[in-house]
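Residue-level structure breakdown
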Amino acid sequence: MPAEAESVTTPAADDAAAAGRSADTTPDADAPRSREGLRAIAGRWETLLVALFIVLLPIGQAISPEFLTSDSFTTGSLDFSEIALMALPLTLVVVAAEIDLSVASVLGLSSALMATLWNGGLPLELIMPLCIVAGGLCGAFNGLLVTRLGLPSLAVTIGTLALFRGLAFVVIGDDSVTDFPAVWTDRAFGNFAGTAVPNVIVLFAVLAVLFAVLLHFTPFGRSVFAIGANEEAAFYSGLRVKRIKLTLFVLSGAVAALAGVVISLRNSTAAANVGVGFELTVVTAVLLGGVSIFGGRGTIGGVILALLLLGGIQKALLLSESISSYWIQIVTGTLLVSSVLGPNLVRRVSDARRRHSTQPTQEVSP
Amino acid sequence: MSAVDATAADPTATGGEARRLTEWVFRVRELGIVGAFVLLMVFTAVMEPRFVNADSLRNLALNAAIFAILAAGQTLVIITRNVDLSVGSVLGLAAFMAGDLLSAHPGLAIPAVIVLGMALGAACGALNGVLVTFGQVPALVVTLGTLYAFRGVAFLWTDGRQVNAETLPDAFLNLGTGSILGVPTLAVIALVVVVVVGQALRDFRVGRELYAIGSNPEGARLAGVRSGRRVFWAFVASGALAGLAGVLFTARFGTVDATAGSGYELTVISATVVGGVAIFGGTGSVYGAALGALLLNTITSSLIVLKVDAFWQQAAIGALLLLAIAFDRLVGLRLDAALRRRSALRAG
């Protein structure tokens, strides 16, 4: 997985990236190919994530002897499954140099819609696809405002963060629905065929493969990288930038709505306030996974590693009896900022070192 | 943004004319908000006359005051093409600190509490500012992170406790509920803040430099503006004002727990943008943002008085934000086209 970002990015996009992104984050991206040695020293982002995860295991075990049990894996991955689902399409959105902060509100709206339709007497088998379609429409609303009106996705999705959550409350108010049929809640809560792997994680794995193939092995995925690296260049090389971006927002909305269905069934509770604040963890997972906030770089594999790491940290903090669970917010927020700040500082230090050690003529920017 | 670019690019005779055209557009924007405000007041008053009694108006002024202060700070940040999502959490921290301090030491001078609250806010803002300017991390990422990190700190600090009005000195609570010559004290404070920040932004060099940074970052740098420093201080000011708002929040409500100010960031950003501060940076004024805060609070109050489901409030805030940025964009495009036509006429 790690090597994909380089291999699938079109040469055009790579050139554009080298020329157009002075503000890039990670040291290995803007170092020219000739500087393989430096790249090897800096190491791949994914290597760092694996190392951190390995470090986390004994620490987690020291915090609580329950940490390294299959039970803890099952509950931990269940609690993290919705975040993980939403992180997949958001990875593509961020690679295309956009952002979707409204995912948690779409999740809430989906849950509220599910509750209302269930109260209305519809069968769950019909409600679930309806919710996902509604989520897709929410995503299309974001996407159309971004692509047709040319509005910044940050501002649009801050607005829809409020709007969709507000609509969720309009739909169902303070009520909640808890009487979903046991067949479905068991499915959402249960494990896959006698293993310790929850069904929702199987669902995540299937979607992760689909999104990884979409991003790393299809022309569509290459276009996403090209748009993120240099939108203008992508447009002039004939890519349908607006349509591709719209598709990404629709995917993001639809998967967020699916996550809303999953969380409602899993907790047997559908309400408007489900998942408030999830956007922080989702965005953190994506950026911690090595996806550049400036677009054009990132892998699904990295994001999956980041999800494992984040989920592990949260589980360890939850299991701990001496550490308050409020630390989760602080740690997650810090990780979010660090995942962009860290590479920036590394780049600064290595730039300064290079300026000292090599001839200044090599340092003239293109 | 684009309008200011055009003016900067063409400093000759057309420049003055273009500036008049742009200024006219923004005057219209502010008048539009005032008009919407008046219409809304009249409509609600006709539907429910109790809406315009002294008590209800006082409540409206008190609510709008806190948001106007936050909006003034947010304006400074948005004008530089950044955003501060952490203001609600900073408000919460300062609010709890003020309550906690005064409960423990009721004899503490109120100005000292205000200064401490602003200092705490400024420290939070400085952290945001350092990360954005020195760390070169986008403001969205930084303040989304600190939005939750600061809130987490508030939860750790309060540890489930709550400050109650009974434990607070009366002199402090009077700050939140009292009046000066019939005008609520909070509204007077908000007015002073808005005028001071508004004039500084309008007439002072540092203020104009903030516009320059947001309008054309590269141009500002080439013109010798110390962008990093200015953006840093914009975040510090936003934090300090959020701290002030936090202290006033405690004075107003008396009861404070770790959730004080949750979700305020959405209302504040919405108010600021509705008030004509373009999310693309470089345009807008503190007065517009304050009017936006007043309008949003009036809408919220009207919804309650008109017995519209309170659940519509958040949806309305989001919808208004979207309408405002869409409107800004469309007007910006029109204005661009108009300015281009004019300069083409001159040249041709």
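Residues numbered from 1 in each chain as written. Chains lettered and ligands numbered in written order. Predicted model: local features only at pLDDT ≥ 70, side-chain atom pairs only at ≥ 80, totals over all residues.

Here's the deal with the overall build of chain B
- Across its full length, chain B carries 14 helices and 2 strands.
- The globule rule puts the C-alpha radius of gyration for 348 residues at 20 Å, and the 21 Å found for chain B is close to it.
- C-alpha atoms of chain B, sized along the principal axes, occupy 75 × 55 × 35 Å.
- The buried share of chain B, reckoned over its 348 residues, is 52%.
- Intrachain contacts of chain B at a sequence separation of at least 6 include 79% that bridge at least 24 residues. (Helix = DSSP H or I, 4+ residues; strand = E, 2+ residues; numbered from the N terminus. Rg over C-alpha atoms; globule rule 2.2 N^0.38 Å. Buried ≥ 20, exposed ≤ 12 C-beta atoms within 10 Å, placed from the backbone. Contact = placed C-beta atoms within 7 Å.)

Focus: the overall build of chain A
- Along the backbone of chain A there are 17 helices and 2 strands.
- Within chain A, buried positions represent 53% of all 366 residues.
- For chain A, the share of sequence-separated contacts (at least 6 apart) that also reach a separation of at least 24 residues comes to 79%.

Points about the interface of chain B and chain A
- Each partner contributes residues to the interface: chain B has 37 residues there, and chain A has 40 residues.
- Of all the secondary structure elements, the ones that give two or more residues to the side of chain B that touches chain A are helix 6 (139–158), helix 12 (264–274) and helix 14 (312–347) of chain B.
- When the residues that make up the side of chain B that touches chain A are grouped by side-chain class, the tally is 25 nonpolar, 9 polar and 3 charged. (Nonpolar A, V, L, I, M, F, W, Y, C, P; charged D, E, K, R; others polar.)

Description of the nonpolar core
- With 227 residues, the main nonpolar core has Ala87(A), Ala68(B), Ile69(B), Leu70(B), Ala72(B), Ala290(B) and Leu321(B) as its most contacted residues.
- With near-sequence residues (within four places) excluded, Ala290(B) lies in contact with Ala68(B), Ala71(B), Ala72(B), Val194(B) and Gly275(B). (Core = buried A, V, L, I, M, F, W, Y, C linked by C-beta atoms within 7 Å.)

Some words on the environment of Ala234(A)
Residues and elements named next belong to chain A.
- Take Ala 234: it is sitting in helix 13 (residues 231–236).
- Judged by C-beta crowding, with 26 C-beta atoms within 10 Å, Ala 234 ranks as buried.
- Separated by 39 residues in sequence, Ala 234 and Thr 195 place their C-alpha atoms 46 Å apart.
- Not counting residues within four places of it along the chain, the set of residues in contact with Ala 234 comprises Ser 223, Ala 226, Ile 227, Leu 239 and Val 241.

Some points on the environment of Glu231(A)
Residues and elements named next belong to chain A.
- Examined against the element boundaries, Glu 231 turns out to sit in helix 13.
- Measuring from C-alpha to C-alpha, the distance between Glu 231 and Leu 317 comes to 41 Å, with 86 residues separating the pair along the chain.
- When near neighbours in sequence (up to four residues on either side) are disregarded, Glu 231 contacts Ala 97 and Val 241.

Digging into the packing of helix 4 (residues 87–104) of chain B against helix 5 (residues 110–133) of chain B
All names here are of chain B.
- Here helix 4 crosses helix 5 at 150°, and the two axes come no closer than 9 Å. Between helix 4 and helix 5, the angle is such that the two are roughly antiparallel. In terms of crossing hand, the pair formed by helix 4 and helix 5 is right-handed. On helix 5, the residues touching Val 90, Leu 93, Ala 94, Met 97, Ala 98, Leu 101 and Leu 102 of helix 4 are Val 113, Leu 116, Gly 117, Leu 120, Gly 121 and Cys 124.
- Looking at the contact of helix 4 with helix 5, its residues break down into 11 nonpolar, 2 polar and no charged. (Axes fitted to C-alpha atoms, helices over the stretch in contact; angles between N-to-C directions. Parallel < 35°, antiparallel > 145°, perpendicular 65-115°, else oblique. Left-handed = near helix turned anticlockwise from the far one by under 90°.)

Side note on the packing of helix 8 (residues 124–147) of chain A against helix 9 (residues 153–172) of chain A
Residues and elements named next belong to chain A.
- Viewed as axis vectors pointing N to C, helix 8 and helix 9 meet at an angle of 150°, and their least axial separation amounts to 9 Å. Helix 9 is crossed by helix 8, and the crossing has right-handed handedness. Between helix 8, through Cys 138, Phe 141, Asn 142, Leu 145 and Val 146, and helix 9, the contact on the second element is made entirely by Ser 153, Val 156, Thr 157, Thr 160 and Phe 164.

Things to note about unusual backbone geometry
Residues and elements named next belong to chain B.
- The phi dihedral of Arg 81 is positive, around 70°, even though this residue is not glycine.
- With respect to the secondary-structure elements, Arg 81 resides in the loop between helix 3 (54–79) and helix 4.
- For Leu 181, which is not glycine, the phi dihedral falls at a positive 50°.
- With respect to the helices, strands and loops of the structure, Leu 181 is situated in the loop between strand 1 (179–180) and strand 2 (183–184).
- On the basis of neighbour counts, which here come to 5 C-beta atoms within 10 Å, the residue Leu 181 falls in the exposed class.

Digging into the environment of Phe211(A)
Residues and elements named next belong to chain A.
- Of note, Phe 211 is situated in helix 11 (residues 199–216).
- Along the sequence, Phe 211 and Val 241 sit 30 residues apart, while their C-alpha atoms lie 19 Å from each other.
- Dropping the residues within four chain positions of it, Phe 211 is found in contact with Leu 88, Pro 89, Leu 92 and Ile 300.

Focus on the confidence of the model for chain A
Residue and element names in this part refer to chain A.
- Confidence along chain A averages 86 in pLDDT terms, with 86% of residues attaining 70 or more.
- In the model, residues 1–33 has pLDDT below 50 throughout and makes 68 contacts with residues more than four positions away in sequence or in other chains.
- Confidence drops under a pLDDT of 50 for residues 362–366, and excluding neighbours within four residues, the segment shows 3 contacts in the predicted structure. (pLDDT = per-residue confidence, 0-100.)

With respect to the confidence of the model for chain B
All names here are of chain B.
- Of the residues in chain B, 93% reach a pLDDT of 70 or more, and the chain-wide mean stands at 89.
- Put simply, helix 1 (residues 2–9) is where chain B has its lowest mean pLDDT, 43, and helix 5 is where it has its highest, 97.
- Per-residue pLDDT stays below 50 along residues 1–13; that stretch engages in 29 contacts with residues further than four places along the chain or on separate chains.

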